[in-house]
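Examination of the molecular architecture
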Amino acid sequence: MEPIYHQTNKLVQEVQHLLGQYERAAPEEISRLEQQISGTFDLISEKIDRLEILVNKEPPTRRQNAKLRLDQLKYDRQHLDAALRNLQYRHRQRAEEVSEREQLLSQSFQANDEASIMIDHSLTHHTALRNTHKEMDNLLGSGRSILGNLREQAGTLKGVRKRLLDIANTLGLSNTVMRLIEKRTTQDKLLLWGGIVVTCIVMYLVIRYLT
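Residues numbered from 1 in each chain as written. Predicted model: local features only at pLDDT ≥ 70, side-chain atom pairs only at ≥ 80, totals over all residues. Heavy atoms only, no water.

Points about helix α3 (residues 60-106)
This is how the line gets drawn: A run of DSSP states H or I qualifies as a helix once it reaches four residues; a run of E qualifies as a strand once it reaches two. Both are numbered from the N-terminal end. The span you would expect from a helix comes to 1.5 Å times its residue count less one. Remark: exposure states derive from per-residue accessible area (1.4 Å probe, protein chains only) relative to the maximum for the residue type, with buried under 20%, exposed over 50%, and partly exposed in between. It only takes one pair of heavy atoms within 4.5 Å for two residues to be counted as in contact.
Under the 1.5 Å per step criterion, the end-to-end length of α3 is 69 Å for 47 residues, consistent within 8% with the ideal 69 Å. Looking at α3, one finds that the buried residues are A66, L70, L73, D76, R77, L80, L84, L87 and H91. Against the buried residues of α3 lie α1 (2-23) and α2 (27-55).

In structure tokens:
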């Protein structure tokens, strides 16, 4: 069992090396490396199947340790397979981006200023949209922070109002003073909700007209 285990482990290391080459590979090298990696994967699977049989033939004292080592090889195989799929997806994305860029550049335009302006406008618009999305993310984050602060202030005002009323009752203040306190609390509450409404309107207008 030991020779097969070491052979399989060596194959795993070989795949890791090939994946490093595959990640940096030029488009014309991708197909060759994929075939090489696939062939090595097949060898690893064959070795693992063979080890599955040999593990059960190990002495009881060594069987548990042998099974753990086999499970590690299985995990490595799955991990490398997932890494390959991820790299293949990234290569496809890059290929699609290159293809789209070449199609855009290869389109036949009239050689005049109007065509150049249209291209520049399209690129500028795309860049502006991307920047706008970034600014919107920042603005929404700030808006959430502001609304959170306003809610916190609302809770604080409620607590202050309650304490003022308790103090007023304790000191026996007149009804006129009590009404003044109530009026000021109401004004503060209106200002607070007014601020919330204004913030929501501003966020809506930005989302409505900048996206």
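Section: the nonpolar core
Let me state the cut-off plainly: The nonpolar core is taken to be a set of buried Ala, Val, Leu, Ile, Met, Phe, Trp, Tyr and Cys residues, with the residues joined through side-chain atoms within 4.5 Å.
Ranked by size, the top nonpolar core spans 24 residues in total, and within it V15, L19, Y22, I37, F41 and I44 carry the most contacts. Secondary-structure elements contributing two or more residues to this core are α1, α2 and α3.

Some points on the packing of aromatic side chains
How we decide: Each Phe, Tyr or Trp ring, with Trp reduced to its six-membered ring, pairs with another whose centre is within 6.5 Å; inter-plane angles below 30 degrees give stacked pairs, above 60 give edge-to-face pairs, and intermediate values give tilted ones. Distance and angle both matter: a charge sits over a ring if NZ of Lys or CZ of Arg is within 6 Å of the ring centre and within 35 degrees of the ring normal.
According to the stated counting rule, one finds zero aromatic pairs in the structure shown. Over the ring of Y5 we find R69; its NZ or CZ atom is 3.9 Å from the centre of that ring. Taking NZ or CZ as reference, R77 lies 4.1 Å from the ring centre of F41, over its face.

Digging into the pattern of salt bridges
Our working definition: Within this document, salt bridges are pairs made up of a side-chain nitrogen of Lys or Arg and a carboxyl oxygen of Asp or Glu, the two lying within 4 Å of each other.
Overall, the coordinates contain seven salt bridges when judged by the stated rule. Close ionic contact of K67 with D71 constitutes a salt bridge, the shortest N to O distance being 3.5 Å. With K67 and D71 both in helix α3, this residue pair falls four residues apart, about one helical turn. Since its relative accessible area comes to 42%, K67 is described here as partly exposed. Among the ionic pairs, D81 bridges to R85, the shortest N-O distance being 2.4 Å. Of this pair, D81 and R85 are both found in helix α3, four residues apart, which corresponds to roughly one turn of the helix. Since its relative accessible area comes to 23%, D81 is described here as partly exposed. R85 gets classed as partly exposed once you look at its relative accessible area, which sits at 46%. Via salt bridges that share partners, R77, D81 and R85 belong to a single interconnected network.

Nothing here speaks to function; it is all geometry.
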